[in-house]
Amino acid sequence: MQQATPQGVIEENVSITRATRIRTGLLDFGRSHPTGAIGGIILCTIIVLVALADVISPFRPDRTVGRQLLPPLSQATLEEGNLWLGTDELGRDMISRLLYGGRVSMFVGIMAPLIGVAFGTVLGIASAYFGKLFDLLVQRLVDTVLILPGIVVAMTITVAFGFTVPVVIAALAVSYSASSVRVVRSRALTLSNMQYVEAARAIGSSDIRIIFRHLVPNSLPVSMVLIAVSVGAAITAEAALSFLGIGIQPPIPSWGNMLTRAQQNFDFAPHIAIAPGLAITIVVLAINLFGDSLRDVLDPRLRNVR
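Rules of the game
- Residues numbered from 1 in each chain as written.
- Predicted model: local features only at pLDDT ≥ 70, side-chain atom pairs only at ≥ 80, totals over all residues.
- Heavy atoms only, no water.
- Phe/Tyr/Trp six-rings, centres within 6.5 Å; stacked < 30°, edge-to-face > 60°.
- Helix = DSSP H or I, 4+ residues; strand = E, 2+ residues; numbered from the N terminus.
- Buried < 20%, exposed > 50% of the residue type's maximum accessible area, 1.4 Å probe, protein only.
- 1 Å grid on protein atoms, 1.4 Å probe; cavity = no way out; pocket = protein on both sides within 12 Å on 5 of 7 lines; lining within 4 Å.
- Points joined across faces, edges and corners; volume = space filled by probe spheres on them.
- Axes fitted to C-alpha atoms, helices over the stretch in contact; angles between N-to-C directions.
- Parallel < 35°, antiparallel > 145°, perpendicular 65-115°, else oblique.
- Left-handed = near helix turned anticlockwise from the far one by under 90°.
- Contact = heavy atoms within 4.5 Å.
- Nonpolar A, V, L, I, M, F, W, Y, C, P; charged D, E, K, R; others polar.
- Patch = residues over 30% accessible without salt bridge, like charges linked within 9 Å, V, L, I, M, F, W, Y side chains within 5 Å.
- Areas by Shrake-Rupley, 256 points an atom, 1.4 Å probe, with all protein chains shown as cover.
- Salt bridge = Lys/Arg side-chain N within 4 Å of Asp/Glu carboxyl O.
- Core = buried A, V, L, I, M, F, W, Y, C linked by side-chain atoms within 4.5 Å.
- pLDDT = per-residue confidence, 0-100.
- Expected span 1.5 Å × (residues − 1).
- Arc of directions from axis to C-beta.

### Topic: the packing of aromatic side chains
Right, on to step 1. Going through the model one piece at a time under the given rule, you end up with 3 aromatic pairs.
Right, on to step 2. Between the aromatic rings of Phe29 and Phe290, the centroid separation amounts to 6.1 Å while the plane-to-plane angle is 65°, which identifies the pairing as edge-to-face. Here Phe290 lies in helix H11 (residues 271-298) and Phe29 lies in helix H1 (residues 6-32), a separation of 261 residues in the sequence.
Right, on to step 3. Take Phe29: its relative accessible area is 15%, and that puts it in the buried class.
Right, on to step 4. Between Tyr129 and Phe130 the ring centres are 5.2 Å apart and the planes differ by 85°, which places this aromatic pair in the edge-to-face class.
Right, on to step 5. The partly exposed category is assigned to Phe130, whose relative accessible area is 38%.
Right, on to step 6. A connected cluster of aromatic rings, assembled from ring pairs, spans Tyr129, Phe130 and Phe134.

Okay, here's the thing in structure tokens:
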């Protein structure tokens, strides 16, 4: 019988300790922020559902399965199965469209803030660290972007470069990067004067090492909060662009372009507008609940308020 080596025992104990800490942290978060925990559970459930759309969807999103604008709880006429949410204006199953459309909307809603805040974090830290002319140029550039509403900037980019998923993500990321630069810069100005940063300069550490080894990790809590609270806004912005016809275009489904097609038939079949609208509302509400609680946990000034 093979005996466990001391190194293997240590690694196993470390893994058990990490798992215990994660479980304890989640339980503490649930007890101290129940609304945030509920929002997180709803959000994780929806992410799993849209990620497994290929497995759980009853039909393909582009397949005609019945007559046009069938009401909920109807029977498919061209395929076998029930249409729990009816069909759209082309006779496609609404549940399948919601799942596949949610995959696109959630992907855009997560990636746009993630890319934008990541770029804004690095640029904001560099602006605070180097200061002088570089800081002046960066802040004036940020002011120029922030003068215009974010949706106007996104509309300009999508009209200029096309209505594809990467372009929509990039268009929304521009607004989030500009707003995050200002927030992260104020945090980095405080960190740049800390003793460990001065010590790193004294021992000859390069500017790049100081930024990515010390300033970026210590700014992550602020960046994580910015991402969490921006996902809901990004999903709503994507829906607004698609609703206006300058976002993601069919045949790629998204909750926004589902609403665009629904407005023409709302009087006869309100379910084709209620379903994607309710999906957007639930997701954005869950994200806001979770993001608000996450901000309270990560911001030391708010930890003891509640």
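### Some words on empty space enclosed by the protein
By rolling a water-sized probe across the atoms, one finds the places where empty space is left.
Right, on to step 1. All told, the structure shown has 1 cavity of 30 Å³ or more when counted by the stated rule.
Right, on to step 2. One number sums up the size of the largest cavity: a volume of about 100 Å³.
Right, on to step 3. Looking at the largest cavity, the residues that line it are Asp88, Glu89, Arg92, Met94, Arg97, Pro250, Asn257, Met258, Arg261, Ala262 and Ile272.
Right, on to step 4. Listed by contribution, the elements that provide at least two residues to the lining of the largest cavity are helix H4 (94-130) and helix H10 (255-262).
Right, on to step 5. The element best represented in the lining of the largest cavity is H10, accounting for 4 residues.

### Details of the packing of helix H6 (residues 150-161) against helix H7 (residues 165-191)
Right, on to step 1. Two elements in contact, H6 and H7, have axes whose closest approach is 8 Å; the angle formed by their N-to-C orientations is 150°. Considering the angle they form, H6 stands roughly antiparallel to H7. Crossing geometry of H6 relative to H7 is assigned as right-handed. Residue-level inspection shows Gly150, Val153, Ala154, Ile157, Thr158 and Phe161 of H6 in contact with H7, the latter providing Val167, Val168, Ala171, Leu172, Val174 and Ser175.
Right, on to step 2. Broken down by class, the residue content of the contact of H6 with H7 amounts to 9 nonpolar, 3 polar and no charged.

### What about a nonpolar patch on the surface?
Right, on to step 1. A grouping of Ile38, Ile42, Phe266, Ile274, Leu278 and Ile282 is seen on the molecular surface, where their side chains present a nonpolar patch of about 520 Å² in accessible area.
Right, on to step 2. Contributions of two or more residues to the nonpolar patch are made by helix H2 (34-51) and H11.
Right, on to step 3. Tallying contributions element by element places H11 first for the nonpolar patch, with 3 residues.
Right, on to step 4. Note that Ile282 resides in helix H11.
Right, on to step 5. We classify Ile282 as partly exposed; its relative accessible area is 37%.

### Some details on the nonpolar core
Right, on to step 1. Counting residues in hydrophobic clusters, the biggest one holds 21 residues, and the most contacted among them are Leu98, Met106, Ile235, Trp255, Val283 and Ile287.
Right, on to step 2. Within the residue set of this core, elements represented by two or more residues are H2, H4, helix H9 (207-243), H10 and H11.
Right, on to step 3. A per-element tally of this core places H11 first, with 9 residues.
Right, on to step 4. Core analysis: the next-biggest nonpolar cluster, separate from the first, contains 18 residues, Val104, Ala112, Ala154 and Leu241 among them.

### Some points on the confidence of the model for the chain
Right, on to step 1. In the predicted model, the chain carries a mean pLDDT of 87, and 92% of its residues have values of at least 70.
Right, on to step 2. No element of the chain has a lower mean pLDDT than H1, at 70, and none a higher one than H4, at 94.

### As for unusual backbone geometry
Right, on to step 1. Residue Pro251 is reached from Pro250 by a cis peptide bond, and omega for that bond is 10°.
Right, on to step 2. Relative to the elements of secondary structure, Pro251 occurs in the loop between H9 and H10.
Right, on to step 3. Positive phi, normally seen in glycine, also occurs at Leu73, with a value near 65°.
Right, on to step 4. Position of Leu73 among the secondary structure elements: in the loop between helix H3 (53-56) and strand S1 (74-75).

### Some points on the environment of Gly30
Right, on to step 1. Take Gly30: it is sitting in helix H1.
Right, on to step 2. A relative accessible area of 24% places Gly30 in the partly exposed class.
Right, on to step 3. The sequence separation of Gly30 and Pro253 amounts to 223 residues, and the corresponding C-alpha distance is 34 Å.

### Focus: helix H5 (residues 132-147)
Turn by turn, an α-helix covers 3.6 residues, leaving residues three or four places apart pointing in a common direction.
Right, on to step 1. Here H5 is 16 residues long and its end C-alpha atoms lie 23 Å apart, about the 22 Å a rise of 1.5 Å per residue gives.
Right, on to step 2. Along H5, the residues classified as buried are Asp135, Val138, Gln139 and Val142. Along the axis of H5, the buried residues cluster in a sector spanning 95°; they form a single face. Turned more than 90 degrees off the buried face of H5, the exposed positions are Leu133, Leu137, Leu141, Thr144 and Ile147.
Right, on to step 3. Those residues of H5 that are buried lie in contact with H4 and H7.

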